[in-house]
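Coordinates in review
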Amino acid sequence: MIRNVEPHVAALGASVSVADFDGDGKPDLYFTNSRFGEPNALYRNRGDGTFEDLAAAAGLANLNRPGEGVSMGAVWGDFENDGREDVLVYRYGYLALFKNIDGRHFQDVTVQAGLHRWVNSNGAIWLDYDRDGLLDLYVTAYFRDIDLWHLGTTKIMHNSFEFATNGGKNLLFHNLGNGKFEDVTDKMGVGSTRWSLAAASADFNGDGWPDIYLANDYGPEELYLNDHGRRFVLTTAGLESESKSGMAVALGDAFNRGRLDAFVTNISERGYLFQNNNLRLNEMLEAHRFRNVAEGEIADAGWGWGAQFGDFNNDGANELFVANGFISADREKNYWYSMSKIAGANARFFEDAATWPPFGNASLSGYERSRVYINRGVAGWVDVAAKVGVTDVYDGRAVALADLSSRGAVDVIVANQNQPAVVYRDYPDSTNHWIGFTLVGTRSNRSAIGAEVLLESGDLKQRRIVDGGSGFASQNDRRVHFGLGAREWVDRIVISWPSGTRQVLLHPPIDRFVAVTEPTR
Amino acid sequence: MSDATPTTIAERNPFVRAWKSGSKLDPRYSIAFLITLVLVVAQLRYHMLGSYDRLVLALAVCTATEALLSWFDRGKVVNLLSAYISGISLTLLIKPQGGALWPFAVGGFLAISSKYVLRYRDNHLWNPTNFAVAALLLLAPDRVSVLSHQFGNDVTTNLVIWVFGLVIAARVGVLHITVTYVASFLLLNSLRAAALGQPLLPEIAPITGPMYQLFVFFMITDPRTIVRGRRRQVLVAILIAVMETLIRFASDKGWPLPTAFNVAPAFLALALVGPIAKWFDLNKGAPSTR
């Protein structure tokens, strides 16, 4: 029924997430595939630069089946605090929760957990919103909860290109602690229907409670502030003034202010549309808002998708990796002209998929080159992708960061739509120092998801968070990594655990990973 | 007597009196009101400005350029209302890469200076905003796009602007231009869709968008650049629609046009047809009937 827009609708399904599923201390990779019959891949890190796909044996391969949907991404977290990373696979279809049995095999516990829900989802995150030590689950929804393979109507598209509200309803599930989850979406007030593509969570306003930041397609971003675990309050925070097409949200300390800022990718296309990416500085403490400072090169990454902050050269400042490109098909046919006919028109011209001009074999922002932005101070954020060897023009979707060889480097893993995945091995400046932390929660969730680490070393002050899912359909290495530049010591580390515990470490050893367990009292 | 009675009643009607007295006003006041209304609605409902600095900059450059050039050209500062209209129009239409402000300054300067430089028989040939936007799109497509905020694709906003726009177009005496263009657009693009075997709705959809609202109410009806006489005005409106259809046809066929033509075919059609029509009009003298 919607063959004319099929390339568009079916172009959002490539993800990668990082987890040490076998507990051997090395980050492993899980890629999902959004084609019926095609397997997902669980790559175990052998530690010698090679990987082996164990998805079939683990029971995580064959998840793209008619009647159940196709995988759009996965997010890992130890929801039972048993010391093993479990995984939620979100699909255009039913959610699927898998319990890690022994580090090799997984059991589908979706129904028992009360998560057997059809959600056309492109994102999910783990967070402990009520600080009870158990990971809760927030799932974003894109299309409303229809079976896209058995449509009763073609009126399935967005009702505005910039202020759409007819997407699927995001869901928040409270972890009850007995292997079951409870839908608390309405009770907590987080059921946005704005075509959310991505979510990230952190304590943006410093009140000790994790908030939720949403990147919404066809609409403005949203920030839900956590009111002491009792409810969330949707706040404007300066986000309402620019309606755009949010594709991903990455969290990082952009200017070493000791804050977590947000980078949200959007769409830019020569002549047609400059929606511009947003680099939003967190000014929640002093001004209750985020301030967009994206100018120049960083504002335009083409049709941006996944993005992540990371200190790739270990100089003590974050760089930014952005994947991009939507549909790379016939180079001679460009759908942008067709898109421009309906994009500005009244909603009834495009809410019905049947009225869209046929895609055929046209490209839409295809063959775009990934970006690597480095902060040059006065010159702003400058793209150095070609100089550092990032040259692919695949249709990038998810970007995840991990130190695959545990050597103090931030490798980049990119999942591409209909194209091979790419791993960029990072070669940081060898004269620079670094430090990494492996956190284990006790009063907090064992994965330590949501723990924020503030590093202070002389004039360097930088904050990072243990990732429960961010970017677009991705999740980073749960270990946190800091570059130190020429600094040969760290003055102190302040860890804000999700439980509320504050832990201070003085002068930890550098150039290695430091294991930290949360104090039990 | 029998004819006099309805006239008297009509003249007693305050709406009619206001309408008649309004029609004696400089049409730019009505146009300025409408463009301000569009701006206010768009900002209050959709925050479409992004930032107020671009509005301030566009207005400042337009009015300063107008004041300066009119002083040099005529020895006095002219009414700055048309500079105000150009400034607002540019603020609404220009969407720059990365939040850059320079397109508003350059656009404002191009718009106003075109009135003083590109002249024929003491008349300027291009609608200033149309000239500036077309020039920016042609010269800097990597840095400038047009109206990426779409007023929410919302029928209510559409209706408000269309209703006010049509009323004011009638007051200013240019309603026939708007109606002719819209009718021609619908007819010609329906024919184009049929000729190319394309679905009809996407081809007529653009006319419901905000870019076209600004086009039909502020550009092709600009009192200073339209030709004289109702018949000529109708003819030119049709020719603009024809040119736009040809541009769209070329885009459909994938012919290698500059991006500006694919992005804003109506603006480019007016930029091409309008000045030629005006030039002929100025050469031919005033028509016998208006």
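Residues numbered from 1 in each chain as written. Chains lettered and ligands numbered in written order. Predicted model: local features only at pLDDT ≥ 70, side-chain atom pairs only at ≥ 80, totals over all residues.

Notes on the overall build of chain B
- Scanning chain B from terminus to terminus reveals 14 helices and four strands.
- Counting every position in chain B, which comprises 290 residues, the buried fraction comes to 44%.
- Sequence separation of at least 24 residues holds for 74% of the intrachain contacts in chain B that already meet a minimum separation of 6. (Helix = DSSP H or I, 4+ residues; strand = E, 2+ residues; numbered from the N terminus. Buried ≥ 20, exposed ≤ 12 C-beta atoms within 10 Å, placed from the backbone. Contact = placed C-beta atoms within 7 Å.)

A few points about the overall build of chain A
- For chain A, the count of helices and strands is six helices and 40 strands.
- Relative to the globule expectation of 24 Å for 521 residues, the C-alpha radius of gyration of chain A, 21 Å, shows essentially globular dimensions.
- With the C-alpha coordinates of chain A rotated into their principal frame, the extents come out at 65 × 55 × 45 Å.
- Contacts spanning at least 24 positions in sequence make up 59% of the contacts within chain A whose residues lie at least 6 apart. (Rg over C-alpha atoms; globule rule 2.2 N^0.38 Å.)

What about the environment of Phe72(B)?
- Residue placement: Phe72(B) occurs in helix 4 (residues 52-74).
- Remark: the alpha-carbon pair of Phe72(B) and Val242(B), spanning 170 residues in sequence, is separated by 39 Å.

Structural notes on the sheet that holds strand 36 (residues 474-475) of chain A
All names here are of chain A.
- Taken in spatial order, the five strands make up an open sheet running 4-3-2-1-36, and their pairing is mixed. Here the strands that pair on one side only, and so sit at the sheet edges, are strand 4 (51-53) and strand 36.
- One ladder, built from three bridges, connects strand 2 (residues 28-33) with strand 3 (residues 41-45); its direction is antiparallel. Its bridge partner lying in strand 3, leucine 29 is registered against tyrosine 43. (Pairing = 2+ DSSP bridges.)

Some points on the nonpolar core
- Core analysis: the biggest nonpolar cluster contains 235 residues, and Leu88(A), Ala248(A) and Val249(A) have the highest contact counts within it.
- Residue contacts for Val249(A): discarding those within four places in its chain leaves Ala198(A), Ala199(A), Ala200(A), Tyr213(A), Ala215(A), Ala262(A), Val264(A) and Ser470(A). (Core = buried A, V, L, I, M, F, W, Y, C linked by C-beta atoms within 7 Å.)

Description of the interface of chain A and chain B
- With 37 residues of chain A at the contact, the number on the chain B side is 38 residues.
- Elements with a contribution of two residues or more to the side of chain A that touches chain B: strand 21 (273-274), strand 26 (330-334) and helix 6 (336-343) of chain A.
- It is helix 6 of chain A that contributes the most residues to the side of chain A that touches chain B, six residues altogether.
- Here the residues of the side of chain A that touches chain B are counted per class, giving 15 nonpolar, 13 polar and nine charged. (Nonpolar A, V, L, I, M, F, W, Y, C, P; charged D, E, K, R; others polar.)

Quick word on the sheet that holds strand 15 (residues 211-216) of chain A
All names here are of chain A.
- Taken together, the four strands give an open sheet; going across it, the order is 14-15-16-17, and neighbouring strands pair in antiparallel fashion. A strand with exactly one partner marks an edge of an open sheet, and here the two such strands are strand 14 (196-202) and strand 17 (231-235). The mean angle between the axes of side-by-side strands here comes to 25°, regardless of whether they run parallel or antiparallel.
- Looking at chain direction, strand 15 and strand 16 (residues 222-227) are connected through three bridges and run antiparallel. Bridge pairing in strand 16 places leucine 214 opposite glutamate 222. (Axes fitted to C-alpha atoms, helices over the stretch in contact; angles between N-to-C directions.)

Examining unusual backbone geometry
Residue and element names in this part refer to chain A.
- Positive phi, normally seen in glycine, also occurs at alanine 237, with a value near 55°.
- For alanine 237, the location among the structural elements is in the loop between strand 17 and strand 18 (248-252).
- By the C-beta count within 10 Å, which is 23 here, alanine 237 ends up buried.
- Positive phi is not limited to glycine here, since alanine 473 has a value of about 50°.
- With respect to the element layout, alanine 473 can be found in the loop between strand 35 (460-465) and strand 36.

Here's the deal with helix 7 (residues 128-139) of chain B
- In a regular helix each residue adds 1.5 Å, so 12 residues correspond to 16 Å; helix 7 of chain B covers 16 Å between its end C-alpha atoms and thus fits that length.
- Inspection of helix 7 of chain B places Pro128(B), Thr129(B), Asn130(B), Phe131(B), Ala132(B), Val133(B), Ala134(B), Leu136(B) and Leu137(B) among the buried residues, and these make up the whole buried set. (Expected span 1.5 Å × (residues − 1).)

Quick notes on the packing of helix 6 (residues 102-117) of chain B against helix 7 of chain B
Residues and elements named next belong to chain B.
- At their nearest, the axes of helix 6 and helix 7 sit 8 Å apart, and the two run at 130° to each other. It follows that helix 6 is oblique to helix 7 by the angle criterion. In this structure, helix 6 meets helix 7 at a crossing whose hand is right-handed. Residue-level contacts link Pro103, Val106, Gly107, Leu110, Ala111, Ile112, Ser114 and Lys115 of helix 6 to Pro128, Thr129, Phe131, Ala132, Val133, Ala135 and Leu136 of helix 7.
- Of the residues assigned to the contact of helix 6 with helix 7, the class counts are 11 nonpolar, three polar and one charged. (Parallel < 35°, antiparallel > 145°, perpendicular 65-115°, else oblique. Left-handed = near helix turned anticlockwise from the far one by under 90°.)

Let's talk about helix 5 (residues 81-93) of chain B
All names here are of chain B.
- The terminal C-alpha atoms of helix 5 lie 18 Å apart, and with 13 residues this matches the ideal 18 Å at 1.5 Å per residue to within 8%.
- For helix 5, a buried count of 12 out of 13 residues is recorded, marking the element as mostly surrounded by other parts of the structure.
- Listing the buried residues of helix 5 in full gives Ser82, Ala83, Tyr84, Ile85, Ser86, Gly87, Ile88, Ser89, Leu90, Thr91, Leu92 and Leu93.

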